[in-house]
Structures are given as C-alpha cells and as structure tokens.
Amino acid sequence: MTGGEEKIRVLIVDDISETRENIRKLLQFEKDLEVVGAANSGRSGVEQARELKPDVVLMDINMPDMDGITATELIRQHNPATQIVILSVQGDPNYMRRAMLAGARDFLTKPPAVDELTAAIRRAGKMAFAERLKAGPVAGMPGGVPGFAAAQAALGKIIVVYSPKGGAGATTIAVNLAVTLHNEETPVALVDANLQFGDVAVFMNEQVRNSILDLAPRADELEAEVVREVMLTHNATGVKILAAPTRPEYAENVTGEQFVKVLKFLRTMFSYIIVDASTTLTDVVLAAMDTSDLIILLTTQEIPAIKNARLFLDLADVLNIEPRRILFIMNRFDKRIGILPEKIGESFKREISAVIPYEDRVIIPSVNRGIPFMMGDRTRPIAKNFLALAEVVRQRITELATESAENVAVVKKR
C-alpha cells in the first residue's frame, strides 16, 4: 500500500454499464485501491477527472461521443499527474502507439486478468503520487519515504536543453517544451542561459525589460515577489521568462554560482524550469547542468552534430553525470536522409528517446513571428511528436524521482 495509508483513487470510464460494474466489483476487494467515480462516456470522463482529480483513470478506447484517446489527451492536459490505463478489446499495436502518444501510462486488452489489472493500476498510481509531489508538498511518497525525500520531490524540476552543435534547434525545443508542459497545476519558468546571444524572448515575441542581471547580484536574498516582477510573462500562455542580458558584454556579470542560486529559488515557485543552454560550455551552463534533474541532449542528422554529441557524452562520463539524467533526442529529422535515429542509437549504445521531424513550413514562420508552434494546431506531425516528447520528459523525471526516493528509503533502513 502506497505511503502505508494513502489509497490509489480510480475513475472508471466505459460506455458499457456492465463493464463498469464488473471492474468496480473486482477492485472493491483491494484495500489499497478506491473507486471514486464511474463515467459512461469520454466527455463525462474528462469532466469527472477535472472534478475528482483521480490518481488513475481506467479508460475504454471505443466510445460513441469521444474516443478514449482524445479523452486521454484532454485529461493529461488538465491533470498531468493523473495516469491513464487504456482498456481495449483490440490489441492492435497502432492503437497502443496512439494511446501512448496521447499520454496513456499502460494499455491492456479486454477483459484483463485481475492480477494484470491491479498491477497496472498500482504502477500507474505510484507514478501519479510521484508526479503530484512536484506540484506541492504532501505527507509522503511512494515507498513510504517521508520528510526530506518528499520535500525534495516537491521542488520543481530543472531541465537543461543543450546541443553541442549550433543550429540544432535548442531554443525551438526549449520554448515549445515550456509551452507544452505549462498549465495551472504545473507552472513553467523558461530561463535563457545563453547570456551573450540569447533568443528566448525573441522566440516568444517579448520585449526584454528585465533580465537575469536584475536577480544575480541578490541571488543570496531572493524573494518570490521580486522574482515575479523581474520575469517576463508570456501573455498568450502564462509561461514566465527569465531573459538573457540585452548586450553580450553584460554576460560576464553573472557567475555560475549566482545562476544556480537563482535556478534553485525558481524550483520553489515552478513545477518545471526549462533552461535554454548555449552551445559553449560556460561556467553558467556547466553549473546549470550540474544542478539539473534532466539534460535534453540534441543531435541532428548532420555528421558534425553527431560527432559533437558523442564528445559531450564522453565528457558527461568524466563529469559523473548519471546516464539516465540525459535524454538523447534527434531534432530536425528528415526521412529522406539515410542517417536514421536507430543507427545512431546503436552506434552510441544509447537510445534516442524522441524524434522531432523537420517541418520548415511550420518552424520558420513560428520563429519569425515569435509564436511557438505548440500554441497552434496540435494535430500536425511535429506537434504530435512534441506531445510525445513532453510525455517522455514527464515519465523520465517521475522515474528518476521515484528511484531517488527508493534509494533514500534503502539508506534510512540501513
């Protein structure tokens, strides 16, 4: 039982009343599971999920008014901590792929065995508890780790987006990832760590009035109200932006130590802090990586970018950066080019966790207009791949937080 006392709250969404009742009966004998609601349609399931905020939703895939995949996307957008387990009479791999891209945690074929169903719910419930800890402090964490571990998990997560080769699209990734992850429950701060030639504000069509220069000198005595005044607010999305200085020569006025202190303070205010790093490994960038929860390493299909990615991974070993803290992704993928992500992954002995296609008709106007493309049509291939990337980021961070808490629990037992 998670946390020794807290139950996993389950919402059942299925248009067949007999199925809903059968699942309810199966789960009533599990002491650590509690059915908090049942919905007879996808639309009703979305509404109940917003109201009840369950830990786990058991979602039928085929329903008349709104299919389970669409409902999953909507629930995950409004309640990122809620985990979805899809139930389907069809074991079609295409359904499974679509469900996972929409943000589903698991996929079971109907009718699932009791052990299979309860195991899936418990796995998803553990993820839900860990995910919620990022949004605010609670009494404990999966595995019964109270106190320090829970407080650490409740802090926002720092994600550094980095490419060792210029032109790989790091700023595009950082900006659109911030827009994708941001909502009322998980507010996002977007920080420009390219202190000489940062473009984050330009990509968001915001005029720089204040910057990191206004916070760095007072890094030891920051206050939330002051930080909010300094940060820019992207009116269309609500994402908060900490801009780079307006002139390159001002960059030397910010030390790596000051920058990290600012990032650590932002962890108390935001669920995610997305850091757009410069290609050059400055003291500021290295310090940000050292304190980060996750590093998104970009490569493209260009040989120099691949070579530099390998060099960085070798350096990461020297710097003792845990391999699982590095999420390796390919940006600007063009299927007409023969260098495939799978081949690079095999060569590096490291999986490429996400692939973002290159769509110049989407990206170039987006950059020139200062409107992140994730604010627009999310049915485009690049947007769907970006939603999948955001889900991979959430999952990896949750897994790392859970592993960290479990390690603390082991140490405490000793």
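About the cut-offs
- Going along each chain's sequence as written, the residues are numbered from 1 onward.
- Per-residue local features of the predicted model are confined to residues with pLDDT of at least 70, and side-chain atom pairs are confined, for both listing and counting, to 80 or more; whole-chain, interface and lining totals are unaffected and use all residues.
- Heavy atoms throughout the structure, all of them, feed into the side-chain values; hydrogens and water do not.
- Here a strand is any run of E in DSSP of at least two residues, a helix any run of H or I of at least four, and the numbering for each starts at the N terminus.
- Restricting the calculation to C-alpha atoms gives the radius of gyration, and the globule rule supplies 2.2 Å times the number of residues raised to the power 0.38.
- A simple rule labels every residue: compare its accessible area, found with a 1.4 Å probe on the protein chains alone, to the largest value its type can have, and call it buried under 20%, exposed over 50%, or partly exposed in between.
- Here the Shrake-Rupley method, with its probe set to 1.4 Å, supplies the accessible areas, and only the displayed protein chains count as covering residues.
- Asp and Glu are treated as the negative residues and Lys and Arg as the positive ones, with His and the ends of the chain left uncounted.
- In this description, the location of a charge corresponds to atom NZ of lysine, CZ of arginine, CG of aspartate or CD of glutamate.
- Definition of nonpolar core: a set of buried residues of the types Ala, Val, Leu, Ile, Met, Phe, Trp, Tyr and Cys, connected through side-chain atoms within 4.5 Å.
- Only heavy atoms enter the contact rule, under which two residues are in contact if any of them lie within 4.5 Å.
- The quantity called pLDDT is the predictor's confidence in a given residue, expressed from 0 to 100.
- Whether two strands pair comes down to DSSP finding at least two bridges between them.
- Note on geometry: axes are lines fitted to C-alpha atoms, helical ones only across the stretch in contact, with angles between N-to-C directions running from 0 to 180 degrees.
- The rule for a salt bridge is simple: a side-chain nitrogen of Lys or Arg has to be within 4 Å of a carboxyl oxygen of Asp or Glu.

What to know about the overall build of the protein
Next up, step 1: In terms of regular secondary structure, the protein is built from 15 helices and 13 strands.
Next up, step 2: Over its C-alpha atoms the protein spans a radius of gyration of 22 Å, differing by no more than 12% from the 22 Å that the globule rule assigns to 414 residues.
Next up, step 3: With the principal axes as the frame, the protein shows a C-alpha extent of 70 × 50 × 40 Å.
Next up, step 4: The 414 residues of the protein split such that 54% are buried.
Next up, step 5: As displayed, the protein offers around 18,900 Å² of accessible surface, 49% of which is attributable to carbon and sulfur atoms.
Next up, step 6: Within the protein, one finds 49 positive and 54 negative side-chain charges whose respective centroids are separated by 2 Å.

As for the nonpolar core
Next up, step 1: Formed by 47 residues in total, the largest nonpolar core has its most connected members in Val160, Leu242, Phe259, Leu263, Leu266, Ile273 and Val275.
Next up, step 2: A total of five residues in this core trace back to one element, the largest contributor, which is helix 12 (residues 303–318).
Next up, step 3: When neighbours within four sequence positions are excluded, Ile273 is seen to be in contact with Gly156, Lys157, Ile158, Ile159, Ala189, Val191, Leu263, Leu266 and Arg267.
Next up, step 4: Counting 42 residues, the second largest nonpolar core, distinct from the first, contains Ala201, Met204, Ile296 and Ile363.

Comments concerning the environment of Ser271
Next up, step 1: By secondary structure assignment, the location of Ser271 is in the loop between helix 10 (256–266) and strand 10 (272–276).
Next up, step 2: A relative accessible area of 3% means that Ser271 is categorised as buried.
Next up, step 3: Along the chain, Ser271 and His182 lie 89 residues apart, while their C-alpha atoms are 8.7 Å from each other.

Regarding the confidence of the model for the protein
As a note on interpretation, predicted positions should not be read in detail where pLDDT is low.
Next up, step 1: Summary statistics for the protein give a mean pLDDT of 88 and a share of 90% for residues scoring 70 or more.
Next up, step 2: The model gives residues 137–151 a pLDDT under 50, and that stretch makes 29 contacts with residues more than four places away or in other chains.

Looking at the pairing of strand 6 (residues 157–162)
Next up, step 1: Burial runs high along strand 6: six of the six residues are buried.
Next up, step 2: Of the strand pairs in this sheet, strand 6 and strand 10 are connected by five bridges, and their pairing is parallel. What sits directly across from Val161, in strand 10, is Asp276.
Next up, step 3: Of the strand pairs in this sheet, strand 6 and strand 11 (residues 294–299) are connected by four bridges, and their pairing is parallel. Counterpart to Val160 in the pairing with strand 11 is Ile295.

Concerning the sheet that holds strand 5 (residues 106–109)
Next up, step 1: Strand order in this open sheet of five strands is 2-1-3-4-5, and the pairing throughout is parallel. Lying at the two open borders of the sheet, with one neighbouring strand each, are strand 2 (33–39) and strand 5. In this sheet, neighbouring strand axes are inclined to one another by 25 degrees on average, regardless of whether the strands run parallel or antiparallel.
Next up, step 2: Here strand 1 (residues 8–13) runs beside strand 3 (residues 56–60); their pairing, made up of four bridges, is parallel. Residue Val13 lies in a different strand from strand 3, and its bridge partner there is Met59.

So, the pattern of salt bridges
Next up, step 1: Throughout the structure, instances matching the rule amount to 17 salt bridges.
Next up, step 2: Among the salt bridges present, the one from Arg123 reaches Asp106, with a minimum N-O distance of 2.6 Å. Taken as a pair, Arg123 in helix 5 (residues 114–135) and Asp106 in strand 5 lie far apart in primary sequence, 17 residues in all.
Next up, step 3: What makes Asp106 buried here is its relative accessible area of 15%.
Next up, step 4: Here the salt bridges do not stand alone but share partners, grouping Arg76, Arg105, Glu391 and Arg394 into one network.

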